[in-house]
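# Breakdown of the fold
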Amino acid sequence: MSRYTKRDIIRLVEEEDVEFIRLQFTDMFGSLKNVAITKTQLEKALDNQCMFDGSSIEGFVRIEESDMYLHPDLDTFVIFPWRPQQGKVARIICDVFRMDGEPFEGDPRFVLKRVIQEAEKMGYILNVGPECEFFLFHTDEDGQPTTITHEKASYFDLGPIDLGENARRDMVLTLEDMGFEIEASHHEMAPAQHEIDFKYDEALVTADRIMTFKLAVKTVAKRHGLFASFMPKPKYGTNGSGMHINISLEKDKKNIFYDEQNELRLSKEAYYFIGGIMRHIKGITAITNPLVNSYKRFVPGYEAPIYIAWSATNRSPLIRIPDSREAGRRVELRSPDPAANPYLALAVCLAAGLEGIRNQIEPPAPVTTNVYEMRLDEKKAEGIEALPSSLVEAIDELEKDEFLLKVLGPHIGKHYIQAKRAEWTAYTGQVTDWEIAQYLYRI
């Protein structure tokens, strides 16, 4: 049931002295876009009459079919707490529609909505909780981001060692002002690396919140003279940033992943869900780890998962089952990073898990030892394979996975693969500082 009606939004805008409303949507790569209107245009926007040029947005449409409409999701209305108190600024997240009134198949939010509808047909509510990591770096004299930090803090350190503590506190307070329930925040493993965790919710709400989270974190960081980076691996020789995804399924107001009679307290549905994700994980990786840089995180020694395995007893595999009871029983996928488009990332992960339930896909046996310490022959004997080690390898796997391409739809599937192959080609043509240092004076 919706929280807001059109009349509610108009009343709130008047009562709170909101002057500008940003109609937000997300492109194929997870970049936030918006059309800003004044309150005089609000009723028109709420009647789904706000048009924009889709040909200018990456992965949308050609110029001859460019006119598209924004349909606001009223429940996403929020006032930005960092803007002026007079003439405030609010936002509403929108769905993208074509001229004929049909949903635009290239809208990532629409892709996730389709998966949610499939889950509803099966009687399920999809609940997701992310763990978002990021870095806080200095900016240069022109205000441009660097990878410089003077901090030396590590996991769970506090001030004065943790130089980002004040900024992180302001981020938490800002997010709470925007309706988030923050469960924890702390310094992460690498210098200048941080994590803020907010409470799980239904999949679409969580995807919207990830986009809002990144905007709020970047905005507050800038007010502190810092730059917040969600780049997966901005610095060599230290941990990268992940965005672990915790998933559970609800039916008749009960967490169906929990089974008290099972040795691991996991239901059959939970096992099948794991099996579905593991079957499609190589192709999923192209979506959950979308950059050339994403694969610099998948190296031994820095906690990121490398191998396709699952466990209820340790953190080294791709999927782990956190030690929690009943309502908290969930599946944690540890490979995604914060560069991923949250709508597409959740869509492919959830769809794969649901296919596992539909087709009763059994996962392999759980791994009880540290996967990183297993010898190659031991991993081979256990049938443990590695995740793709590069963007192009992941794209090759996605292109072969007909199920995932169906989830994405032909529009996004085609444009995403084309764009990522072009990104890989551009990368492979670069001459890096490492190559110069290694070869220039030796050859």
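Below is a summary of the structure that appears in this document. (Residues numbered from 1 in each chain as written. Predicted model: local features only at pLDDT ≥ 70, side-chain atom pairs only at ≥ 80, totals over all residues. Heavy atoms only, no water.)

### Some words on the pattern of salt bridges
Rules: Salt bridges are defined as contacts in which a side-chain nitrogen from Lys or Arg sits within 4 Å of a carboxyl oxygen from Asp or Glu. Numbering goes from the N terminus for both helices and strands, where a helix is a DSSP run of H or I of at least four residues and a strand is a run of E of at least two. Between buried and exposed lies partly exposed: a residue is buried under 20% and exposed over 50% of the maximum accessible area for its type, with that area taken using a 1.4 Å probe on protein chains only.
Applying the stated criterion to the full structure yields 20 salt bridges. With a shortest N-O distance of 3.3 Å, Glu43 and Arg7 are connected by a salt bridge. Within this pair, whereas Glu43 is found in helix α2 (residues 42-46), its partner Arg7 is found in helix α1 (residues 6-15), the two being separated by 36 residues in sequence. Residue class for Glu43 comes out partly exposed when judged on its relative accessible area of 45%. Since its relative accessible area comes to 52%, Arg7 is described here as exposed. Residues joined in a network through salt bridges with shared partners are Asp73, Asp95, Arg109, Lys113 and Asp208.

### Some remarks on the pairing of strand β4 (residues 67-72)
What counts is decided by this rule: For two strands to be treated as a pair, DSSP must find no fewer than two bridges joining them.
Of all six residues that make up β4, five are buried, and the element is covered over most of its length. As paired elements, strand β3 (residues 50-53) and β4 share four bridges and run antiparallel to each other. Within β4, the position partnered with Phe52 by the bridge is Met68. Pairing analysis gives four bridges linking β4 to strand β6 (residues 88-97), with the strands arranged antiparallel.

### Considering the state of the cysteines
Put simply, the rule reads: Any two cysteine sulfur atoms lying within 2.5 Å of each other are counted as a disulfide.
Taken as a whole and assessed by the stated rule, the structure comprises zero disulfides. Cys50 takes part in no disulfide bond, and the closest cysteine sulfur, belonging to Cys94, lies 7.3 Å away. On the basis of relative accessibility, which here comes to 9%, the residue Cys50 falls in the buried class.

### Describing the packing of helix α5 (residues 203-223) against helix α7 (residues 342-358)
This is how the line gets drawn: Only the stretch in contact is used when fitting a helix axis, every axis being a line fitted to C-alpha atoms; angles between N-to-C directions are given from 0 to 180 degrees. Left-handed describes a crossing in which the near helix is turned anticlockwise from the far one by less than a right angle; the clockwise case is right-handed. By the convention used here, residues are in contact when the closest approach between their heavy atoms is within 4.5 Å.
The contact between α5 and α7 brings their axes to 9 Å, and the two run at 150°. Taken as a pair, α5 and α7 cross one another with a handedness that is right-handed. The residues of α7 that touch α5, namely those facing Ala203, Leu204, Ala207, Asp208, Ile210 and Met211, are Pro342, Tyr343, Leu346 and Leu350.

### A look at unusual backbone geometry
With an omega of 10°, the peptide bond running from Gly159 to Pro160 counts as cis. With respect to the secondary-structure elements, Pro160 resides in the loop between β7 (125-138) and α4 (165-177). Its identity is not glycine, yet Phe156 carries a phi of approximately 65°, on the positive side. Positionally, Phe156 belongs in the loop between β7 and α4. Judged by relative accessible area, Phe156 falls into the exposed class, the value being 52%. One non-glycine residue, Lys253, lies in positive phi territory at about 65°. Its place among the elements puts Lys253 in the loop between β12 (243-251) and β13 (254-255).

### A look at a nonpolar patch on the surface
Put simply, the rule is: Patch membership is restricted to residues that have no salt bridge and whose relative accessible area is over 30%. Joining uses 9 Å for like charges and 5 Å for the nonpolar side chains Val, Leu, Ile, Met, Phe, Trp and Tyr. Each accessible area is a Shrake-Rupley result for a 1.4 Å probe, and residues are judged covered by the shown protein chains and nothing else.
Residues Val431, Ile436, Leu440 and Tyr441 make up a contiguous nonpolar surface patch of about 480 Å² in total accessible area. Along the chain, the position of Val431 falls in the loop between α10 (402-428) and α11 (433-439).

### Observations concerning the packing of aromatic side chains
Worth spelling out the cut-off: Aromatic rings from Phe, Tyr and Trp, taking only the six-membered ring of Trp, are treated as a pair when their centres fall within 6.5 Å; an angle between ring planes under 30 degrees marks them as stacked, one over 60 as edge-to-face, and anything in between as tilted.
Using the criterion set out here, one finds 16 aromatic pairs in the structure. A centroid spacing of 6.2 Å and a plane angle of 45° characterise the contact between Phe29 and Tyr416, whose relative ring orientation is tilted. Taken together, the residues span a long stretch of sequence, with Phe29 in the loop between β1 (18-26) and β2 (32-38) and Tyr416 in helix α10 at a distance of 387 residues. Among the residues examined, Phe29 registers a relative accessible area of 24% and is labelled partly exposed.

### Overview of the nonpolar core
For the record, the criterion: To form a nonpolar core, buried Ala, Val, Leu, Ile, Met, Phe, Trp, Tyr and Cys residues must be joined to one another through side-chain atoms within 4.5 Å.
The biggest cluster of nonpolar side chains holds 65 residues, and the ones touching the most others in it are Leu112, Leu126, Leu249, Ile319, Leu350 and Leu398. Leu126 has contacts with Val115, Ile116, Ala119, Asp201, Glu202, Ala203, Ser248, Leu249, Leu350 and Leu354, leaving out every residue within four places of it along the chain.

### Some points on the side chain of Glu131
Heads up, the condition is: All tallies of charge rest on Lys and Arg as positive and Asp and Glu as negative; His and the ends of each chain are not included. For the purposes of these results, a polar contact is taken to be a pair of N or O atoms within 3.5 Å, where, inside protein, one atom must be able to donate a hydrogen and its partner to accept one; residues adjacent in sequence count only when each atom of the pair is a side-chain atom.
In this fold, Glu131 is placed in strand β7. For the buried Glu131, which has no salt bridge, the nearest side chain bearing the opposite charge is Arg330, at an N-O separation of 5.5 Å. Of the polar contacts made by the side chain of Glu131, one reaches the side chain of Asn246; its length is 2.9 Å. Setting aside chain neighbours within four positions, we find Glu131 in contact with Glu195, Asp197, Gly242, Met243, His244, Asn246 and Glu332.

### Notes on empty space enclosed by the protein
Our working definition: In the cavity and pocket records, a cavity denotes points on a 1 Å grid over the protein atoms alone where a 1.4 Å probe fits but cannot get out, a pocket denotes an open set with protein on both sides within 12 Å along at least 5 of 7 lines, and lining residues are residues with an atom within 4 Å of a point. Grid points are joined across faces, edges and corners, and a volume is the space filled by probe spheres set on the points. We call Asp, Glu, Lys and Arg charged. Ala, Val, Leu, Ile, Met, Phe, Trp, Tyr, Cys and Pro are nonpolar, and the rest, Gly among them, are polar.
Applying the stated rule across the entire model yields two cavities of 30 Å³ or more. Roughly 40 Å³ of internal volume is contained in the largest cavity. Considered class by class, the residues forming the lining of the largest cavity number eight nonpolar, one polar and no charged. Approximately 40 Å³ is the volume attributed to the second largest cavity. When residues in the lining of the second largest cavity are grouped by element, the largest group, three residues, is from β1.

### A look at the environment of Gly353
Looking at the element boundaries, Gly353 is found in helix α7. For the pair Gly353 and Tyr271, spaced 82 residues apart in sequence, the C-alpha to C-alpha distance is 9.4 Å. Leaving out residues up to four positions away in the same chain, Gly353 has contacts with Tyr272, Phe273, Gly276 and Ile277.

### Here we look at the layout of surface pockets
Quantified by volume, the largest pocket comes out at close to 1,000 Å³. The wall of the largest pocket is formed by 36 residues, among which Asp73, Asp75, Leu204, Val205 and Asp208 lie closest to the centre. For the lining of the largest pocket, the residue count by class is 16 nonpolar, seven polar and 13 charged. Its volume calculated, the second largest pocket comes out at about 870 Å³. Around the second largest pocket, the lining is made up of 44 residues, and of these Glu131, His244, Asn246, Arg320 and Glu332 lie nearest the centre.

### A few points about α7
Which entries qualify depends on this criterion: Between the first and last residue of a helix there are one fewer steps than residues, each counted as 1.5 Å, and that sum is the expected span.
The terminal C-alpha atoms of α7 lie 24 Å apart, and with 17 residues this matches the ideal 24 Å at 1.5 Å per residue to within 8%. Among the 17 residues of α7, 16 are classified as buried, and the element is accordingly described as predominantly covered. Gln360 lies just past α7 and shows a positive phi near 50°.

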